[in-house]
Amino acid sequence: INAFSIFKNIFSVIASLCFVPADIISTVEFNPSGELLATGDKGGRVVVFQREQETKSQPQRRGEYNVYSTFQSHEPEFDYLKSLEIEEKINKIRWLPQQNAAYFLLSTNDKTVKLWKISERDRRPEGYNLKDEDGRIRDPSTITSLRVPVLQPTDLMVEATARRVYSNAHTYHINSISVNSDLQTYISTDDLRVNLWNLEITDQSFNIVDIKPSNMEDLTEVITAAEFHPQQCNTFAYSSSRGSIRLCDMRKQALCDTHCKFFEEPEDPSTRSFFSEIISSISDIKFSHSGRFLMTRDYLTVKVWDLNMENKPLETYQVHDYLRGKLCSLYENDCIFDKFECVWNGSDSVIMTGSYNNFFRMFDRNTKRDVTLEASRENSKPRAILKPRKVCMGGKRRKDEVTVDSLDFSKKILHSTWHPQDNIIAVAASNNLYIFQDKVA
């Protein structure tokens, strides 16, 4: 089945909360099996959704996700040495592959990464000798016999507990985290450094990339994102604000300041403008599931790179080229600094990224077709079919088309994720989470 064409018949499920600024979703991520979906918000809260099991009587429920667990991951802090307030906003969530009945995820704000364990409990121990049933310590003199504690069935409880806290390792704001395929280490990245952590060690990390110059006036670029290769535990890549990507091999040396491969598209001098450097900054970087390709997102385009070809991207997709003539106004309202994410589908054949007016774009790598869809509560009622949208540059506007001047730049799809196997996607629009799936017969 063509995964791309299916999305012409998309159904939607909407999970929304009463709007307050703290409810604005700042990250969204499926776990490796796709059974759980986690969101983080500006209030430091993580909400985990669980996929409903399909039944013969209700096959349409196979794409529905209901709230599974909610917990406060981060709290606001204050750095007294630097007189700096640290926001509780969740910047990134990354799931660890499931090893047992419990689930583990990493969440981070600007400074601190935490490892959370999410587990179920449907039994509780009873019959303690030294404690009452309500947990109070008993007087030893009143104990006249010994009892054997037993496990009694109880209502299902989902518990989230912080197992590790990794802090005090970043001077600048953390922009990305990535779990290694060895399941023992992960990296956390800020503007100038990449740190390597062991999941079991919280008080020590290794600085593997440091681009901070001796004189900060010589600083020409910052790190914008980093990710481990999905199969090769020694390989990772990081992107910069100048539009370049560096592929590093940790086997070569401890400090990976020298890269193994350098990916950058030469700039066309004829199109250079005041905004060229800003719009060339890479906001997201993702390895394909196969590990062969690397996808990057800058302000106007999505590029797919072949790891064996450094001089130019293999594919370039225009996300919203109609905004090229409005860069001046986008600079004045700071929208030009928005950081859009990009994702692969499970087979690496379709890529998805967000845009303005709550539009998100899909590009089929095989047929070279693309489609623009809208995530809005008005047009996406539960189980409603989404209709493709079009943006016209000017002149006579056709039915169902939107003019560039009427786009709402306060509505934007920055965060999205794709189910690892099925055609189910989740996109975050402000405080609303939209879950779309292919048509259910």
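Residues numbered from 1 in each chain as written. Predicted model: local features only at pLDDT ≥ 70, side-chain atom pairs only at ≥ 80, totals over all residues. Heavy atoms only, no water.

## Considering a nonpolar patch on the surface
- Among the surface-exposed residues, F274, Y331 and F337 lie close enough to one another that they form a single nonpolar patch of about 330 Å² accessible area.
- Looking at the secondary structure, you find Y331 in helix 3 (residues 327–332).
- The partly exposed category is assigned to Y331, whose relative accessible area is 32%. (Patch = residues over 30% accessible without salt bridge, like charges linked within 9 Å, V, L, I, M, F, W, Y side chains within 5 Å. Areas by Shrake-Rupley, 256 points an atom, 1.4 Å probe, with all protein chains shown as cover. Salt bridge = Lys/Arg side-chain N within 4 Å of Asp/Glu carboxyl O. Helix = DSSP H or I, 4+ residues; strand = E, 2+ residues; numbered from the N terminus. Buried < 20%, exposed > 50% of the residue type's maximum accessible area, 1.4 Å probe, protein only.)

## Observations concerning the packing of aromatic side chains
- Across all of its chains, the model carries 21 aromatic pairs by this definition.
- When the centroid spacing of 6.4 Å and the interplanar angle of 85 degrees are considered together, the rings of W95 and Y103 count as edge-to-face. Both residues of the pair, W95 and Y103, count as buried.
- On the numbers, 6.3 Å between centres and 55 degrees between planes, the contact of Y299 with F340 is tilted. (Phe/Tyr/Trp six-rings, centres within 6.5 Å; stacked < 30°, edge-to-face > 60°.)

## Section: the confidence of the model for the chain
- Overall, the predicted model of the chain reaches an average pLDDT of 88, with 92% of residues at or above 70.
- In the model, residues 1–18 has pLDDT below 50 throughout and makes 72 contacts with residues more than four positions away in sequence or in other chains. (pLDDT = per-residue confidence, 0-100. Contact = heavy atoms within 4.5 Å.)

## A few points about empty space enclosed by the protein
- If you walk through the whole model with that rule in mind, you get one cavity of 30 Å³ or more.
- What the largest cavity holds in volume is close to 60 Å³.
- In this structure, the largest cavity is lined by T27, V28, E29, K92, R94, D284, K286, E341 and S416.
- Broken down by secondary-structure element, the contributors of at least two residues to the lining of the largest cavity are strand 2 (25–30), strand 8 (92–95) and strand 20 (284–287). (1 Å grid on protein atoms, 1.4 Å probe; cavity = no way out; pocket = protein on both sides within 12 Å on 5 of 7 lines; lining within 4 Å. Points joined across faces, edges and corners; volume = space filled by probe spheres on them.)

## Re the environment of M157
- Tracing the backbone shows M157 in strand 11 (residues 150–166).
- The class for M157 is partly exposed, based on a relative accessible area of 36%.
- Once the C-alpha coordinates of M157 and R251 are considered, the two residues, 94 residues apart in sequence, prove to be 44 Å apart.
- In this structure, M157 is in contact with S119, E120 and R121, ignoring residues within four places of it in sequence.

## Concerning the pairing of strand 32 (residues 432–438)
- Among the seven residues in strand 32, seven count as buried, and that is most of the element.
- Alternating residues of strand 32 divide into N432, Y434, F436 and D438 and L433, I435 and Q437, and every residue in both groups is buried.
- Pairing geometry for strand 31 (residues 424–429) and strand 32, over six bridges, is antiparallel. Its bridge partner being in strand 32, A428 is matched across the sheet by L433.
- Joining the antiparallel neighbours strand 31 and strand 32 is a turn of two residues, in which S430 adopts a positive phi near 60 degrees. (Pairing = 2+ DSSP bridges.)

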